[in-house]
Amino acid sequence: MSDKKKLLVVIDPGHTGNTYNAGAVKGYYESKAVYDLSLYEKAALEKRGIDVILTRERNQDPGLYERGQMAVKNGRGYANVVFESNHSNAFNGKAYGVNIIRSAHLPASEKLADRMIDAIVKVMKLSTGITYNRGVTTKTQSNGADWYGVIRGAVSGATTQGQAKNGPVRYDYIVEHGFHDNQKECQFLSKQENLKAIAEAKAAVIADYFGISDKGQSGSQGGQSDKNNQNGQNNQSRQNNQNKQSIDTDSSAQNKKTSYLVRVSIDNLNIRQSPTIHSEVVGFTGKGTFTIIEEATGIVNAAGAKSRWGKLKSGRGWLCLDYAEKVG
Ligand SMILES: [Zn+2]
(Lines give C-alpha, C1' and ligand atoms only; values in the text may rest on other atoms or scores of the structure.)
Protein backbone atom coordinates (compact mmCIF):
# COMPACT_ATOMS: atom_id res chain seq x y z
CA MET A 1 0.00 0.00 0.00
CA SER A 2 1.33 3.43 -0.89
CA ASP A 3 1.27 6.75 0.88
CA LYS A 4 -0.43 8.31 -2.09
CA LYS A 5 -3.61 10.25 -1.60
CA LYS A 6 -6.46 8.60 -3.35
CA LEU A 7 -7.91 11.23 -5.63
CA LEU A 8 -7.33 14.60 -7.29
CA VAL A 9 -10.07 16.15 -9.43
CA VAL A 10 -8.97 18.81 -11.93
CA ILE A 11 -11.97 20.75 -13.20
CA ASP A 12 -11.63 22.81 -16.36
CA PRO A 13 -14.38 25.41 -16.78
CA GLY A 14 -14.53 25.78 -20.59
CA HIS A 15 -13.64 29.08 -22.34
CA THR A 16 -13.17 32.30 -20.35
CA GLY A 17 -14.93 35.35 -18.90
CA ASN A 18 -18.65 35.94 -18.46
CA THR A 19 -19.87 36.61 -21.99
CA TYR A 20 -18.58 33.87 -24.30
CA ASN A 21 -21.13 31.78 -26.26
CA ALA A 22 -24.59 33.25 -25.73
CA GLY A 23 -27.47 30.82 -25.30
CA ALA A 24 -31.12 30.64 -26.37
CA VAL A 25 -32.17 32.38 -23.15
CA LYS A 26 -31.24 36.04 -22.67
CA GLY A 27 -28.37 36.44 -20.24
CA TYR A 28 -27.03 32.90 -20.60
CA TYR A 29 -23.38 32.55 -21.55
CA GLU A 30 -21.62 29.22 -21.62
CA SER A 31 -18.36 30.58 -20.18
CA LYS A 32 -20.15 32.01 -17.13
CA ALA A 33 -22.46 29.05 -16.51
CA VAL A 34 -19.70 26.45 -16.68
CA TYR A 35 -17.49 28.53 -14.40
CA ASP A 36 -20.28 28.84 -11.83
CA LEU A 37 -21.02 25.12 -12.19
CA SER A 38 -17.36 24.30 -11.67
CA LEU A 39 -17.22 26.40 -8.49
CA TYR A 40 -20.24 24.54 -7.10
CA GLU A 41 -18.71 21.23 -8.07
CA LYS A 42 -15.41 22.13 -6.42
CA ALA A 43 -17.24 23.02 -3.21
CA ALA A 44 -19.30 19.81 -3.30
CA LEU A 45 -16.17 17.68 -3.76
CA GLU A 46 -14.16 19.54 -1.11
CA LYS A 47 -17.01 19.02 1.33
CA ARG A 48 -16.21 15.31 0.92
CA GLY A 49 -12.51 15.85 1.57
CA ILE A 50 -11.52 15.48 -2.11
CA ASP A 51 -8.70 17.67 -3.46
CA VAL A 52 -9.80 19.88 -6.36
CA ILE A 53 -7.98 22.24 -8.72
CA LEU A 54 -9.65 24.57 -11.23
CA THR A 55 -7.67 25.22 -14.42
CA ARG A 56 -8.58 28.90 -14.50
CA GLU A 57 -9.90 31.87 -12.58
CA ARG A 58 -13.01 33.47 -14.02
CA ASN A 59 -11.17 35.79 -16.42
CA GLN A 60 -8.08 33.74 -17.10
CA ASP A 61 -7.73 31.91 -20.40
CA PRO A 62 -4.94 29.33 -20.36
CA GLY A 63 -4.35 27.41 -23.60
CA LEU A 64 -6.25 24.16 -24.09
CA TYR A 65 -3.21 21.90 -23.98
CA GLU A 66 -1.96 23.77 -20.93
CA ARG A 67 -5.28 23.19 -19.13
CA GLY A 68 -4.98 19.46 -19.71
CA GLN A 69 -1.38 19.44 -18.59
CA MET A 70 -2.44 20.78 -15.17
CA ALA A 71 -3.84 17.31 -14.48
CA VAL A 72 -0.50 15.72 -15.31
CA LYS A 73 1.63 18.22 -13.39
CA ASN A 74 -0.50 18.30 -10.27
CA GLY A 75 -1.39 14.60 -10.30
CA ARG A 76 1.91 13.27 -9.01
CA GLY A 77 1.42 11.87 -5.54
CA TYR A 78 -2.15 10.78 -6.19
CA ALA A 79 -3.38 7.26 -6.94
CA ASN A 80 -6.20 8.56 -9.22
CA VAL A 81 -6.63 11.78 -11.19
CA VAL A 82 -9.88 12.88 -12.83
CA PHE A 83 -9.67 15.63 -15.44
CA GLU A 84 -13.02 17.04 -16.43
CA SER A 85 -13.69 19.89 -18.87
CA ASN A 86 -17.12 21.47 -18.35
CA HIS A 87 -19.14 22.83 -21.29
CA SER A 88 -22.61 23.33 -22.70
CA ASN A 89 -23.20 22.34 -26.30
CA ALA A 90 -24.64 24.08 -29.36
CA PHE A 91 -25.80 22.74 -32.69
CA ASN A 92 -28.96 23.69 -34.55
CA GLY A 93 -31.28 24.84 -31.75
CA LYS A 94 -33.17 21.57 -31.85
CA ALA A 95 -30.63 19.06 -30.53
CA TYR A 96 -30.58 18.32 -26.81
CA GLY A 97 -29.12 15.89 -24.31
CA VAL A 98 -25.90 15.25 -22.43
CA ASN A 99 -22.79 13.71 -23.91
CA ILE A 100 -19.23 13.06 -22.87
CA ILE A 101 -16.13 12.83 -25.03
CA ARG A 102 -13.41 10.87 -23.29
CA SER A 103 -9.77 10.25 -24.07
CA ALA A 104 -9.42 7.42 -26.58
CA HIS A 105 -6.39 6.27 -24.61
CA LEU A 106 -8.00 5.93 -21.21
CA PRO A 107 -10.78 3.35 -21.54
CA ALA A 108 -11.26 3.32 -17.75
CA SER A 109 -12.84 6.76 -18.18
CA GLU A 110 -15.83 5.15 -19.88
CA LYS A 111 -17.37 3.67 -16.74
CA LEU A 112 -17.09 6.87 -14.72
CA ALA A 113 -18.36 8.91 -17.68
CA ASP A 114 -21.36 6.60 -18.12
CA ARG A 115 -22.42 7.17 -14.54
CA MET A 116 -21.71 10.89 -14.81
CA ILE A 117 -24.06 11.26 -17.78
CA ASP A 118 -26.80 9.29 -16.07
CA ALA A 119 -26.60 11.51 -12.99
CA ILE A 120 -26.67 14.77 -14.99
CA VAL A 121 -29.52 13.57 -17.20
CA LYS A 122 -31.55 12.61 -14.13
CA VAL A 123 -31.26 16.11 -12.68
CA MET A 124 -31.91 17.95 -15.95
CA LYS A 125 -34.73 15.78 -17.27
CA LEU A 126 -36.90 16.37 -14.23
CA SER A 127 -37.25 19.95 -15.32
CA THR A 128 -36.64 20.00 -19.10
CA GLY A 129 -38.60 16.82 -19.82
CA ILE A 130 -36.35 16.09 -22.79
CA THR A 131 -32.73 15.70 -21.65
CA TYR A 132 -31.32 12.24 -22.40
CA ASN A 133 -28.09 10.28 -22.58
CA ARG A 134 -26.30 10.91 -25.90
CA GLY A 135 -23.53 8.57 -24.93
CA VAL A 136 -19.80 8.53 -24.28
CA THR A 137 -17.67 8.91 -27.39
CA THR A 138 -14.05 9.34 -28.43
CA LYS A 139 -12.57 11.34 -31.30
CA THR A 140 -9.01 11.11 -32.56
CA GLN A 141 -6.73 12.66 -35.16
CA SER A 142 -5.24 10.55 -37.93
CA ASN A 143 -2.09 9.93 -35.85
CA GLY A 144 -4.22 8.47 -33.05
CA ALA A 145 -3.93 11.42 -30.65
CA ASP A 146 -7.12 12.72 -29.08
CA TRP A 147 -8.90 15.32 -31.21
CA TYR A 148 -9.59 17.92 -28.53
CA GLY A 149 -6.60 19.92 -27.28
CA VAL A 150 -7.77 19.93 -23.69
CA ILE A 151 -7.85 16.11 -23.60
CA ARG A 152 -4.65 15.86 -25.62
CA GLY A 153 -2.97 17.96 -22.95
CA ALA A 154 -4.36 15.79 -20.18
CA VAL A 155 -2.70 12.71 -21.70
CA SER A 156 0.42 14.62 -22.81
CA GLY A 157 -0.39 14.13 -26.48
CA ALA A 158 -0.41 10.34 -26.28
CA THR A 159 -1.10 8.59 -29.59
CA THR A 160 -1.50 5.11 -28.09
CA GLN A 161 -2.95 3.67 -24.90
CA GLY A 162 0.51 2.60 -23.83
CA GLN A 163 1.82 6.15 -23.99
CA ALA A 164 -1.04 7.40 -21.84
CA LYS A 165 -0.38 4.84 -19.15
CA ASN A 166 2.08 6.32 -16.72
CA GLY A 167 1.65 7.84 -13.30
CA PRO A 168 -1.69 7.69 -11.52
CA VAL A 169 -4.82 6.00 -12.89
CA ARG A 170 -6.29 8.66 -15.15
CA TYR A 171 -9.83 9.61 -16.14
CA ASP A 172 -10.14 12.35 -18.75
CA TYR A 173 -13.25 13.67 -20.44
CA ILE A 174 -15.22 16.67 -21.70
CA VAL A 175 -18.80 16.99 -20.42
CA GLU A 176 -21.42 18.72 -22.58
CA HIS A 177 -24.19 19.55 -20.08
CA GLY A 178 -27.03 19.84 -22.58
CA PHE A 179 -27.34 22.36 -25.42
CA HIS A 180 -27.42 26.09 -24.67
CA ASP A 181 -29.01 26.82 -28.06
CA ASN A 182 -31.93 24.61 -27.05
CA GLN A 183 -34.63 26.71 -25.34
CA LYS A 184 -35.58 24.17 -22.67
CA GLU A 185 -32.09 23.10 -21.72
CA CYS A 186 -30.80 26.68 -21.72
CA GLN A 187 -33.68 27.72 -19.49
CA PHE A 188 -32.59 25.05 -17.03
CA LEU A 189 -28.90 25.96 -17.18
CA SER A 190 -29.74 29.65 -16.63
CA LYS A 191 -30.68 29.08 -12.99
CA GLN A 192 -27.98 28.99 -10.33
CA GLU A 193 -29.87 26.48 -8.20
CA ASN A 194 -29.95 24.08 -11.15
CA LEU A 195 -26.20 24.40 -11.71
CA LYS A 196 -25.80 23.64 -8.03
CA ALA A 197 -27.99 20.55 -8.33
CA ILE A 198 -25.92 19.26 -11.25
CA ALA A 199 -22.72 19.91 -9.31
CA GLU A 200 -24.01 18.00 -6.27
CA ALA A 201 -25.03 15.03 -8.41
CA LYS A 202 -21.63 14.95 -10.16
CA ALA A 203 -19.70 15.15 -6.89
CA ALA A 204 -21.77 12.28 -5.49
CA VAL A 205 -20.92 10.13 -8.53
CA ILE A 206 -17.18 10.79 -8.17
CA ALA A 207 -17.17 10.14 -4.42
CA ASP A 208 -19.15 6.94 -4.87
CA TYR A 209 -17.04 5.73 -7.77
CA PHE A 210 -13.84 6.02 -5.77
CA GLY A 211 -15.40 4.69 -2.59
CA ILE A 212 -14.99 7.95 -0.68
CA SER A 213 -17.51 8.40 2.10
CA ASP A 214 -18.79 11.74 3.32
CA LYS A 215 -16.02 11.60 5.92
CA GLY A 216 -13.46 12.16 3.17
CA GLN A 217 -10.53 10.30 1.65
CA SER A 218 -8.30 8.34 3.95
CA GLY A 219 -4.94 7.75 2.31
CA SER A 220 -4.25 4.20 1.14
CA GLN A 221 -7.22 2.68 2.92
CA GLY A 222 -9.65 2.54 0.04
CA GLY A 223 -7.76 0.38 -2.46
CA GLN A 224 -9.93 -2.66 -1.99
CA SER A 225 -13.23 -0.87 -1.92
CA ASP A 226 -12.17 0.84 -5.13
CA LYS A 227 -11.80 -2.49 -6.80
CA ASN A 228 -15.17 -3.75 -5.60
CA ASN A 229 -16.76 -0.57 -6.68
CA GLN A 230 -15.35 -0.73 -10.18
CA ASN A 231 -16.37 -4.33 -10.67
CA GLY A 232 -19.88 -3.40 -9.69
CA GLN A 233 -19.83 -0.65 -12.24
CA ASN A 234 -18.58 -2.92 -14.95
CA ASN A 235 -21.66 -5.03 -14.59
CA GLN A 236 -23.95 -2.08 -14.36
CA SER A 237 -22.59 -0.38 -17.45
CA ARG A 238 -22.69 -3.60 -19.44
CA GLN A 239 -26.30 -3.94 -18.43
CA ASN A 240 -27.02 -0.38 -19.53
CA ASN A 241 -25.40 -0.96 -22.87
CA GLN A 242 -27.47 -4.03 -23.46
CA ASN A 243 -30.63 -2.17 -22.61
CA LYS A 244 -29.69 0.65 -24.94
CA GLN A 245 -28.96 -1.75 -27.72
CA SER A 246 -32.35 -3.39 -27.60
CA ILE A 247 -34.17 -0.07 -27.52
CA ASP A 248 -32.17 1.71 -30.17
CA THR A 249 -31.90 -0.87 -32.89
CA ASP A 250 -34.54 -3.00 -34.42
CA SER A 251 -34.28 -6.74 -34.14
CA SER A 252 -31.63 -8.42 -36.22
CA ALA A 253 -34.41 -10.06 -38.20
CA GLN A 254 -34.61 -6.76 -40.08
CA ASN A 255 -30.94 -6.75 -40.97
CA LYS A 256 -30.38 -7.39 -44.64
CA LYS A 257 -27.24 -8.91 -46.14
CA THR A 258 -26.23 -7.05 -49.26
CA SER A 259 -23.18 -5.80 -51.16
CA TYR A 260 -22.83 -2.42 -52.84
CA LEU A 261 -20.61 0.64 -52.98
CA VAL A 262 -21.36 4.01 -51.40
CA ARG A 263 -19.61 7.33 -51.73
CA VAL A 264 -19.08 9.50 -48.65
CA SER A 265 -18.39 13.14 -49.39
CA ILE A 266 -17.89 14.53 -45.89
CA ASP A 267 -14.69 14.27 -43.87
CA ASN A 268 -15.97 13.26 -40.53
CA LEU A 269 -18.74 10.69 -40.91
CA ASN A 270 -18.76 8.59 -37.75
CA ILE A 271 -18.18 4.86 -37.86
CA ARG A 272 -20.05 3.32 -34.96
CA GLN A 273 -19.84 -0.03 -33.24
CA SER A 274 -23.51 -0.80 -33.89
CA PRO A 275 -26.25 0.80 -36.03
CA THR A 276 -27.40 3.56 -33.63
CA ILE A 277 -26.07 6.99 -32.62
CA HIS A 278 -26.01 5.71 -29.05
CA SER A 279 -23.22 3.27 -29.74
CA GLU A 280 -19.55 4.15 -29.54
CA VAL A 281 -17.76 6.05 -32.31
CA VAL A 282 -14.89 3.80 -33.37
CA GLY A 283 -13.55 6.01 -36.17
CA PHE A 284 -14.29 8.23 -39.15
CA THR A 285 -14.62 7.35 -42.81
CA GLY A 286 -12.97 10.33 -44.42
CA LYS A 287 -14.08 11.03 -48.00
CA GLY A 288 -14.12 8.02 -50.31
CA THR A 289 -15.89 4.93 -51.58
CA PHE A 290 -16.81 2.06 -49.28
CA THR A 291 -18.39 -1.37 -49.61
CA ILE A 292 -21.50 -2.04 -47.53
CA ILE A 293 -22.24 -5.68 -46.73
CA GLU A 294 -25.24 -5.44 -44.41
CA GLU A 295 -28.07 -2.98 -43.70
CA ALA A 296 -29.99 -2.35 -40.48
CA THR A 297 -32.44 0.20 -39.09
CA GLY A 298 -31.41 2.27 -36.08
CA ILE A 299 -31.63 5.63 -34.31
CA VAL A 300 -30.06 8.48 -36.31
CA ASN A 301 -30.82 11.64 -34.35
CA ALA A 302 -31.53 13.12 -30.96
CA ALA A 303 -35.27 13.01 -31.50
CA GLY A 304 -35.11 9.23 -31.81
CA ALA A 305 -35.84 9.06 -35.54
CA LYS A 306 -34.68 5.92 -37.29
CA SER A 307 -33.03 5.41 -40.63
CA ARG A 308 -30.84 2.92 -42.47
CA TRP A 309 -27.30 2.04 -41.45
CA GLY A 310 -24.71 0.13 -43.47
CA LYS A 311 -22.03 -2.20 -42.17
CA LEU A 312 -18.55 -1.68 -43.66
CA LYS A 313 -16.95 -4.63 -45.40
CA SER A 314 -13.70 -3.78 -43.58
CA GLY A 315 -15.37 -4.81 -40.33
CA ARG A 316 -14.67 -1.40 -38.73
CA GLY A 317 -18.34 -0.79 -37.93
CA TRP A 318 -21.51 0.94 -39.16
CA LEU A 319 -22.21 4.25 -40.87
CA CYS A 320 -25.46 6.12 -41.29
CA LEU A 321 -26.53 5.76 -44.94
CA ASP A 322 -28.23 9.19 -44.87
CA TYR A 323 -24.72 10.59 -45.45
CA ALA A 324 -23.65 8.12 -48.10
CA GLU A 325 -24.64 7.97 -51.74
CA LYS A 326 -25.04 4.65 -53.50
CA VAL A 327 -22.62 4.34 -56.45
CA GLY A 328 -23.38 2.48 -59.69
ZN1 LIG B 1 -17.76 24.88 -24.83
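In what follows, the structure referred to is the one given above.
Residues numbered from 1 in each chain as written. Predicted model: local features only at pLDDT ≥ 70, side-chain atom pairs only at ≥ 80, totals over all residues. Heavy atoms only, no water.

(A) Highlighting the packing of aromatic side chains. Applying the stated rule across the entire model yields 4 aromatic pairs. When the ring of Tyr 96 is compared with that of Tyr 132, the centres are 5.7 Å apart and the planes differ by 75 degrees; the resulting orientation is edge-to-face. Of the two residues, Tyr 96 is situated in the loop between strand E3 (78-89) and strand E4 (98-102) and Tyr 132 in the loop between helix H3 (109-128) and strand E5 (133-137); the sequence distance between them amounts to 36 residues. Taking the relative accessible area as the measure of exposure, Tyr 96 reaches 17% and is therefore buried. (Phe/Tyr/Trp six-rings, centres within 6.5 Å; stacked < 30°, edge-to-face > 60°. Helix = DSSP H or I, 4+ residues; strand = E, 2+ residues; numbered from the N terminus. Buried < 20%, exposed > 50% of the residue type's maximum accessible area, 1.4 Å probe, protein only.)

(B) Geometry of the packing of helix H1 (residues 30-46) against helix H7 (residues 192-209). Running from N to C, H1 and H7 point in directions that differ by 45 degrees, and their axes come no closer than 8 Å. The angle between the axes of H1 and H7 places the two elements in the oblique class. In this structure, H1 meets H7 at a crossing whose hand is right-handed. Contacts between H1 and H7 pair Lys 32, Ala 33, Asp 36, Leu 37, Tyr 40, Glu 41, Ala 44 and Leu 45 from the former with Gln 192, Leu 195, Lys 196, Ile 198, Ala 199, Glu 200, Lys 202, Ala 203 and Ile 206 from the latter. (Axes fitted to C-alpha atoms, helices over the stretch in contact; angles between N-to-C directions. Parallel < 35°, antiparallel > 145°, perpendicular 65-115°, else oblique. Left-handed = near helix turned anticlockwise from the far one by under 90°. Contact = heavy atoms within 4.5 Å.)

(C) Up close: the coordination of the zinc ion. All of the protein donors around the zinc ion are His 15 (NE2), Glu 30 (OE) and His 87 (ND1); their distances to the metal are 2.0 to 2.1 Å. On the primary sequence, the residues serving as donors to the zinc ion are separated as H-x14-E-x56-H. Separated by 57 residues along the polypeptide, Glu 30 in helix H1 and His 87 in strand E3 bring together distant segments of the chain. For the pair Glu 30 and His 87, a shared accessibility class is recorded, and that class is buried. (Donors = N, O, S within 2.8 Å, 3.2 Å for Na, K, Ca; no water.)

(D) Region of the structure containing H3. Its 20 residues give H3 an end-to-end C-alpha distance of 27 Å, which sits within 8% of 28 Å, the value for a rise of 1.5 Å per residue. Summarising burial for H3: 15 of the 20 residues are buried, a large majority. Phi for Gly 129, located one or two positions after H3, is positive at around 80 degrees. (Expected span 1.5 Å × (residues − 1).)

(E) Focus on the sheet that holds strand E1 (residues 5-13). Taking strand neighbours across the sheet as the criterion, the 6 strands line up as E2-E1-E3-E6-E4-E5 in an open arrangement whose pairing is mixed. Whereas interior strands pair on both sides, the edge strands pair on one side only; in this sheet they are strand E2 (51-54) and E5. Geometrically, the sheet is characterised by an average inter-axis angle of 20 degrees between neighbouring strands, direction not taken into account. Bridge analysis of E1 against E2 gives 4 bridges, and the strand direction is parallel. Counted as the bridge partner of Val 10 is Ile 53 from E2. Lying over the sheet, H7 contacts E1, E3 and strand E6 (169-179), oriented at roughly 155 degrees with respect to E6. (Pairing = 2+ DSSP bridges.)

(F) Representation of the packing of H3 against H7 within the structure. For the pair H3 and H7, the least separation of the axes is 9 Å and the interaxial angle reads 150 degrees. What the angle tells us is that H3 and H7 run roughly antiparallel. Both H3 and H7 take part in a crossing whose hand is right-handed. Taken together, the residues of H7 that come into contact with H3 (itself represented by Lys 111, Leu 112, Arg 115, Met 116, Ala 119, Ile 120, Val 123 and Met 124) are Ala 197, Ile 198, Ala 201, Lys 202, Val 205, Ile 206, Asp 208 and Tyr 209. For the contact of H3 with H7, the residue count by class is 12 nonpolar, no polar and 4 charged. (Nonpolar A, V, L, I, M, F, W, Y, C, P; charged D, E, K, R; others polar.)

(G) Local environment of the pairing of strand E11 (residues 306-312). Relative to E11, strand E10 (residues 288-299) runs antiparallel, the two sharing 7 bridges. Residue pairing for E11: Thr 297 is matched across the bridge by Arg 308. Pairing of E11 with strand E12 (residues 318-320) involves 3 bridges; the strand directions are antiparallel. Bridge pairing in E12 places Trp 309 opposite Cys 320. Count of turn residues in the E11/E12 antiparallel hairpin: 5 residues, of which Gly 315 carries a positive phi of about 85 degrees.

(H) Quick look at the pattern of salt bridges. Per the stated rule, a full pass over the model turns up 16 salt bridges. In this structure, Arg 48 engages Glu 200 in a salt bridge whose closest nitrogen and oxygen atoms are separated by 3.9 Å. Of this pair, Arg 48 sits in the loop between H1 and E2 while Glu 200 sits in helix H7, and the two are 152 residues apart along the sequence. Taking the relative accessible area as the measure of exposure, Glu 200 reaches 31% and is therefore partly exposed. Here Lys 202 and Glu 84 are joined by a salt bridge, their closest N and O atoms 3.0 Å apart. Of this pair, Lys 202 sits in helix H7 while Glu 84 sits in strand E3; the two residues are 118 residues apart in sequence, bridging distant segments of the chain. Accessibility expressed as a relative area gives 0% for Lys 202, which makes it buried. (Salt bridge = Lys/Arg side-chain N within 4 Å of Asp/Glu carboxyl O.)

Nothing here speaks to function; it is geometry throughout.
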